[in-house]
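Results of the structural survey
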Amino acid sequence: MPTPIGGRGQTVDAVFAHFLRRLSGDRRGNVALIFALCLVPVVLIIGAAVDVGNAQRVQARLQDATDSAVLAVARDGLHLTDAQLAPEANTYIKASYRYSQVAYAITNLTFDRTTVTATLDTSASVPTSFMQIVGIKTVPISAHSVAKGLGYDYTPADALLN
């Protein structure tokens, strides 16, 4: 049996049905209602755009740092042991990458001594601000770069001869 509410003996179902009938027939204030309903998705979309823009900015800086590090490894790789390659790359990345709040990782570093070619992959996870509302805590980013070294020591005299 439906539960009566108030002093008139009306049930919850009857009161809710009456409210819905009144709301559907009343055209006043529709703009405010539609605006309120649309405001939430619009704010989420704008917030997601801010978070994605931030991730792209950090990714561009990580790509720049990865490029400078792979160039250094390609240049100096013949004079370094395999164990010294990652610290060398890390030194150049730290010098170029200025986002201390977003940690990066070197995911792959190879140096082919016969072709004097270095390959470097890095990755990071950029924390989000607005997208956390929908459960997305970070945006993963990565950078890839390949460079070919000269295969010999480059001196200022080489620049004059070439």
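The structure displayed is predicted, hence computed values, not measured ones. (Residues numbered from 1 in each chain as written. Predicted model: local features only at pLDDT ≥ 70, side-chain atom pairs only at ≥ 80, totals over all residues. Heavy atoms only, no water.)

**Observations concerning the pairing of strand β4 (residues 117-127)**
Inclusion rule: Each residue gets one of three labels from its accessible area relative to the maximum for its type: buried under 20%, exposed over 50%, partly exposed in between, using a 1.4 Å probe on protein chains only. Here a strand is any run of E in DSSP of at least two residues, a helix any run of H or I of at least four, and the numbering for each starts at the N terminus. Following DSSP output, two strands are said to pair if at least two bridges run between them.
The element β4 is extensively covered by neighbouring structure, given that eight of its eleven residues are classed as buried. From the end of strand β3 (residues 104-112) to the start of β4, which pair antiparallel, there are four residues, and V116 there has a positive phi angle of about 55°. In terms of strand pairing, β4 meets strand β5 (residues 138-148) through eleven bridges, oriented antiparallel. Note on β5: the bridge partner recorded for T122 is A143.

**Remarks on helix α3 (residues 82-96)**
The periodicity of an α-helix, 3.6 residues per turn, causes residues three or four places apart in sequence to face the same way. We count it as follows: The span expected for a helix works out to 1.5 Å for each residue beyond the first. Along the arc lie the directions from the helix axis toward the C-beta atoms.
For α3, spanning 15 residues, the distance from its first C-alpha to its last is 22 Å, which sits close to the expected 21 Å at 1.5 Å a residue. Buried within α3 we find L85, E88, A89 and I93. Projected down its long axis, α3 carries its buried residues within an arc of 130°, all on one side. Opposite the buried face of α3, by more than 90 degrees, sit the exposed residues A83, K94 and A95.

**Considering the nonpolar core**
Rules: Side-chain atoms within 4.5 Å are what join buried Ala, Val, Leu, Ile, Met, Phe, Trp, Tyr and Cys residues into a set we call a nonpolar core. In this analysis, two residues are considered to be in contact whenever any of their non-hydrogen atoms come within 4.5 Å of each other.
Judged by nonpolar contacts, the single largest core of 26 residues is most densely connected at V58, Y97, V102 and I141. Elements that contribute at least two residues to this core include exactly α2 (30-76), α3, β4 and β5. Broken down by element, the residue count for this core peaks at eight residues, all from α2. Once residues within four sequence positions are removed from consideration, V58 is found in contact with Y97, Y99, V102, V126 and I141.

**Considerations on the pairing of β3**
Where β3 meets β4, eight bridges bridge the pair, whose relative direction is antiparallel. Residue pairing for β4: I106 is matched across the bridge by T122.

**Points about the sheet that holds β3**
How we decide: Only the stretch in contact is used when fitting a helix axis, every axis being a line fitted to C-alpha atoms; angles between N-to-C directions are given from 0 to 180 degrees.
Taken in spatial order, the three strands of this open sheet run β3-β4-β5, and their pairing is antiparallel. If you trace the sheet from one side to the other, it starts and ends with β3 and β5, each paired once. Between one strand axis and the next, the sheet turns through 10° on average, direction left out of account. The strands touched by α3 are β3 and β4; relative to β3, the strand with the most contacts, the crossing angle is about 130°.

**Regarding the side chain of T119**
Relative to the elements of secondary structure, T119 occurs in strand β4. On the accessibility criterion, T119 (16% relative accessible area) is buried. Those residues in contact with T119, other than ones at most four positions away along the chain, are V70, N108, L109, T110, H144, S145 and V146.

**Quick word on unusual backbone geometry**
Only a minority of non-glycine residues have a phi that is not negative, and only a minority of peptide bonds are not trans. The backbone of V116 shows a phi angle near 55°, a positive value even though the residue is not glycine. Along the chain, V116 falls in the loop between β3 and β4.

**As for the side chain of D121**
Heads up, the rule is: Positive charges are assigned to Lys and Arg, negative charges to Asp and Glu, while His and the chain termini are left out of the count. Salt bridge, as used here: a side-chain nitrogen of Lys or Arg that lies within 4 Å of a carboxyl oxygen of Asp or Glu.
With respect to the helices, strands and loops of the structure, D121 is situated in strand β4. Nearest to the buried, unbridged D121 among oppositely charged side chains is R113, at 17 Å. D121 has contacts with A105, I106, T107, N108, A143 and H144, leaving out every residue within four places of it along the chain.

**Overview of the environment of Y92**
Position of Y92 relative to the elements: it lies in helix α3. In this structure Y92 comes out as partly exposed when scored by relative accessible area, which is 29%. Sequence separation between Y92 and V73 is 19 residues, and the spatial gap between their C-alpha atoms is 9.2 Å. The contact partners of Y92, leaving out residues within four places of it in the chain, are S68, A69, A72, R75 and D76.

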